[in-house]
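# Secondary and tertiary structure notes
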Amino acid sequence: MLAVRIRRRKAVALASAALLAGLAVPALTPATAGAETPAPAPARAAVVADYYEGAEGRTGAALRSALHTIISDQTKLSYSAVWNALKETDEDPANSGNVILLYSGASRSKSANGGDTGDWNREHVWAKSHGGFGTSTGPGTDIHHLRPTDVQVNSIRGNKDFDNGGSAVANGGGSLTDSDSFEPRDAVKGDVARMIFYMAVRYEGTDGWPDLEPNDRVNNGSAPYTGKLSVLKAWHEQDPPDAFEQRRNDVIHDSYQHNRNPFIDHPEWVEAIW
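These numbers come from a predicted model, not from an experiment.

## Considerations on the overall build of the protein chain
The number of helices and strands found in the protein chain is eleven helices and eleven strands. A total of 274 residues make up the protein chain; the buried ones form 54% of that total. Once local pairs closer than 6 in sequence are excluded, the contacts in the protein chain between residues at least 24 apart make up 66%.

## Quick notes on the packing of helix α5 (residues 81–89) against helix α9 (residues 243–256)
Relative orientation of the contacting elements α5 and α9 amounts to 135°, with a least axis distance of 9 Å. One element, α5, and the other, α9, form an angle in the oblique class. In the packing of α5 onto α9, the handedness of the crossing is right-handed. Residue-level inspection shows Asn84, Ala85, Leu86, Glu88 and Thr89 of α5 in contact with α9, the latter providing Phe244, Arg247, Arg248, Val251, Ile252, Ser255 and Tyr256. Among the residues forming the contact of α5 with α9, the class breakdown is six nonpolar, three polar and three charged.

## As for the sheet that holds strand β8 (residues 176–177)
Judged by pairing direction, the sheet is mixed, and its four strands sit side by side in the order β6-β9-β8-β7 without closing on themselves. Every other strand in the sheet has two partners, leaving β6 (161–162) and β7 (167–168) as the edge strands with one partner each. By the bridge criterion, two bridges tie β6 to strand β9 (residues 181–183) in an arrangement that is parallel. The residue of β9 that forms the bridge with Phe162 is Phe182.

## What to know about the confidence of the model for the protein chain
Confidence along the protein chain averages 88 in pLDDT terms, with 84% of residues attaining 70 or more. Contacts for the low-pLDDT stretch residues 1–39, under 50 throughout, to residues beyond four places or in other chains number 73 contacts.

## Looking at the sheet that holds strand β1 (residues 91–92)
What the three strands build is an open sheet, ordered β1-β2-β3; its pairing is antiparallel. At either margin of the open sheet sits one strand with a lone partner, and together these are β1 and β3 (107–109). For β1 and strand β2 (residues 95–100), the ladder comprises two bridges, and the chain directions are antiparallel. Each residue of the ladder has a partner; that of Asp92, found in β2, is Asn95.

## Concerning the pattern of salt bridges
Summed over the entire model, instances satisfying the criterion amount to 15 salt bridges. A salt bridge links Asp150 to Arg108; its shortest N-O distance comes to 2.6 Å. Separated by 42 residues along the polypeptide, Asp150 in strand β5 (residues 146–150) and Arg108 in strand β3 bring together distant segments of the chain. For the pair formed by Asp150 and Arg108, the shared burial category is buried. Two residues, Lys189 and Asp186, come together in a salt bridge whose shortest N-O distance is 2.5 Å. Judged by relative accessible area, which is 5%, Lys189 ranks as buried. Residue class for Asp186 comes out exposed when judged on its relative accessible area of 58%. Bridged by salt links that share partners, the residues Arg64, Glu204 and Glu213 form one connected network.

Here is what the cut-offs are and how they apply
- Residues numbered from 1 in each chain as written.
- Predicted model: local features only at pLDDT ≥ 70, side-chain atom pairs only at ≥ 80, totals over all residues.
- Heavy atoms only, no water.
- Helix = DSSP H or I, 4+ residues; strand = E, 2+ residues; numbered from the N terminus.
- Buried < 20%, exposed > 50% of the residue type's maximum accessible area, 1.4 Å probe, protein only.
- Contact = heavy atoms within 4.5 Å.
- Axes fitted to C-alpha atoms, helices over the stretch in contact; angles between N-to-C directions.
- Parallel < 35°, antiparallel > 145°, perpendicular 65-115°, else oblique.
- Left-handed = near helix turned anticlockwise from the far one by under 90°.
- Nonpolar A, V, L, I, M, F, W, Y, C, P; charged D, E, K, R; others polar.
- Pairing = 2+ DSSP bridges.
- pLDDT = per-residue confidence, 0-100.
- Salt bridge = Lys/Arg side-chain N within 4 Å of Asp/Glu carboxyl O.

If you want it as structure tokens, here you go:
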């Protein structure tokens, strides 16, 4: 297991499901000190295969348990460190000085992070009140579900569950909301679903944090649940992983947490578990 972990941490950039399928993914320029030259594509593919070795051939509860063990081996960030991490994970591929905001799709300067109107801040896609983990190191700082969002759009989303329908969100890029739910723009519906699925498998109540679980309801409040599962599964199918999401998964793995979102690398595992 140690050898696999060492190989995993030494791989830099772009080991993903798209790579395994032979799809082209944009090159990644390492932004951390001491980063290595990216390995050849076959070596990166081997690293991803090695990473999930303990999960191959499993389904249902056995698959979920194996994935939990694999992805729980991670480096944890402080909440302040999340700012700089997001500037790399969500970098605009067309402008290295900007990040792409999750819900609106807008490109905004990396330096415009903060809490004022016009700034971007750190959105917890699994709302931090759903389980009460706040911004503590652990689920509150896990960048697999933390994304840059416009301050005002983030406020409108609040801690609402995810569901279809509602009225247009101002500057929300096509996002909709009503009194008890939020629907992100079409281009990131699957991204949102896969972040929720990651959180549910990573945080199983075994390490001092709540047992997070998607359900098929809204108005979950402070309970450690997020809905709606049926809608999230549909979004996952409608919006498969794209190059931006795949690259983000690689950067988190290679440069920050050293773990992966398995539902980006293996979208078929959503149906195998839920």
